[in-house]
Amino acid sequence: MGLHNSHHKPCPTHLQSPINIHTRTAKYDPSLKPLKFSYDPKTAKRIVNVGHCFNVEFEDTCDRSVLGEGPLTGYYRLCQFHFHWGSSDKDGSEHNIDGKLYPAELHIVHWNSKKYTSFEEAAQHSDGVAVVGVFLKLGDTNPVLESIIQNLDRVKTKGKTCPFTEFDLTDLLPKDLNYWTYMGSLTTKPYFECVTWIILQEAITVSSEQLEQFRRLQCTSENENPSFILENHRPVQPLDHRVVRSSCP
Ligand code: BO1
Ligand code: ZN
């Protein structure tokens, strides 16, 4: 009795992120629509050092900056973006592409404001959150990134904030908006399985000097012995039965 059930017992963490994306196994889905970014530069608010990274926060009390279409049903409201990086330029991204890591990865975080009233509520549902991932590859100094990095000495330690307004996030995106998509989780605590991941296939550039500025941020508060955010990327998690879909053949 019950033996026939033993090979599909419930698994509490089967939709975790990040993952390795095996590009040849990703399935082209012609029903996937192009992404529709509609960001208002006036919703940019401030930069916060949260200890494990820095968040660039946006006003998210109304649908002024939203992401729609793509794999999504309805519109998702922009709330923040942040980066993941590594202790050297050899690694740092969370998602891997065919086993390869990029030096950093941008995450643009949105929540389903049609169905839920806050990020915290949305994060408890599988259709609650949409994160756009953009890889950073080594190259020339990125001038748009530079406008953010210029402010990092004002949020050197954990808990510090500084105003950051009038920022057009669409300027940070690559030209080609083709993507891979799959269902997964937040990559930090509380690791909720609430995320429609949308990983852009084209990377943007970052210079080695700019990555060095990320590593100068401190995970400690002003009154503590300084310790630095040298790396903040989670290792890849099992894909299990999930299928990664591609917006292009
Ligand atoms: S990520 O994009 O999967 N790396 C990710 C991981 C954790 C969060 C967001 C994105 N955390 C949440 C916090 C909330 C906060 C929200 C928006 O970010 O748990 O407290 O409101 O900033
Ligand atoms: Zn992230």
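The coordinates are above.
Just so it is clear, the structure is predicted and the values come from calculations on it, not from any experiment. (Residues numbered from 1 in each chain as written. Chains lettered and ligands numbered in written order. Predicted model: local features only at pLDDT ≥ 70, side-chain atom pairs only at ≥ 80, totals over all residues. Heavy atoms only, no water.)

S.K.: What's the story with the coordination of the zinc ion (ligand 2) in this structure? I'm lost.
M.R.: The reference angle at a metal is 109.5 degrees if four donors form a tetrahedron and 90 or 180 degrees if six donors form an octahedron. Taken together, the protein ligands of the zinc ion (ligand 2) are His 82 (NE2), His 84 (NE2) and His 107 (ND1), with distances of 2.0 Å. Classification of the site at the zinc ion (ligand 2) rests on its four donor atoms, whose angles at the metal span 96 to 117 degrees, yielding the label tetrahedral. Donor residues binding the zinc ion (ligand 2) come from one chain and are separated in sequence as H-x1-H-x22-H. (Donors = N, O, S within 2.8 Å, 3.2 Å for Na, K, Ca; no water. Tetrahedral: all angles 85-135°; square planar, octahedral: opposite > 155°, others 65-115°.)

S.K.: Quick question: what am I supposed to make of unusual backbone geometry here?
M.R.: With the exception of glycine, the majority of residues adopt a negative phi angle, and the majority of peptide bonds are in the trans configuration. Here the residue pair Ser 17 and Pro 18 is connected by a cis peptide bond, since its omega of 0 degrees sits within 30 degrees of zero. Note the cis peptide between Lys 189 and Pro 190, where omega equals 5 degrees. Examined against the element boundaries, Pro 190 turns out to sit in the loop between strand 12 (179-184) and strand 13 (195-200). Phi at Tyr 191 is positive, roughly 55 degrees, even though this residue is not glycine. Tracing the backbone shows Tyr 191 in the loop between strand 12 and strand 13. Assessed through its relative accessible area of 32%, Tyr 191 is described here as partly exposed. Of note in this structure, Asp 240 is not a glycine but carries a positive phi near 55 degrees. (Helix = DSSP H or I, 4+ residues; strand = E, 2+ residues; numbered from the N terminus. Buried < 20%, exposed > 50% of the residue type's maximum accessible area, 1.4 Å probe, protein only.)

S.K.: Please clarify how the site of ligand 1 should be interpreted in this entry.
M.R.: Every one of the 13 residues lining ligand 1 counts as a neighbour, but Gln 80, His 82, Glu 120, Thr 187 and Thr 188 are closest to it. Here an oxygen atom of ligand 1 and a side-chain polar atom of Gln 80 are 3.0 Å apart. At 3.4 Å from a nitrogen atom of ligand 1 is found a side-chain nitrogen or oxygen belonging to His 107. Bound to the protein, ligand 1 loses 76% of the 490 Å² it would expose on its own. Placement of ligand 1 is best described as lying within the largest pocket. Within the residue set of the shell around ligand 1, elements represented by two or more residues are strand 7 (75-85), strand 9 (104-111) and helix 1 (119-122). No other element matches strand 7, which puts four residues into the shell around ligand 1. In terms of residue class, the shell around ligand 1 is built from six nonpolar, six polar and one charged. (Near = heavy atom within 4 Å. Polar contact = N/O pair within 3.5 Å; in protein donor to acceptor, adjacent residues only side chain to side chain. Areas by Shrake-Rupley, 256 points an atom, 1.4 Å probe, with all protein chains shown as cover. 1 Å grid on protein atoms, 1.4 Å probe; cavity = no way out; pocket = protein on both sides within 12 Å on 5 of 7 lines; lining within 4 Å. Sits in = over half its atoms within 2 Å of the grid points. Nonpolar A, V, L, I, M, F, W, Y, C, P; charged D, E, K, R; others polar.)

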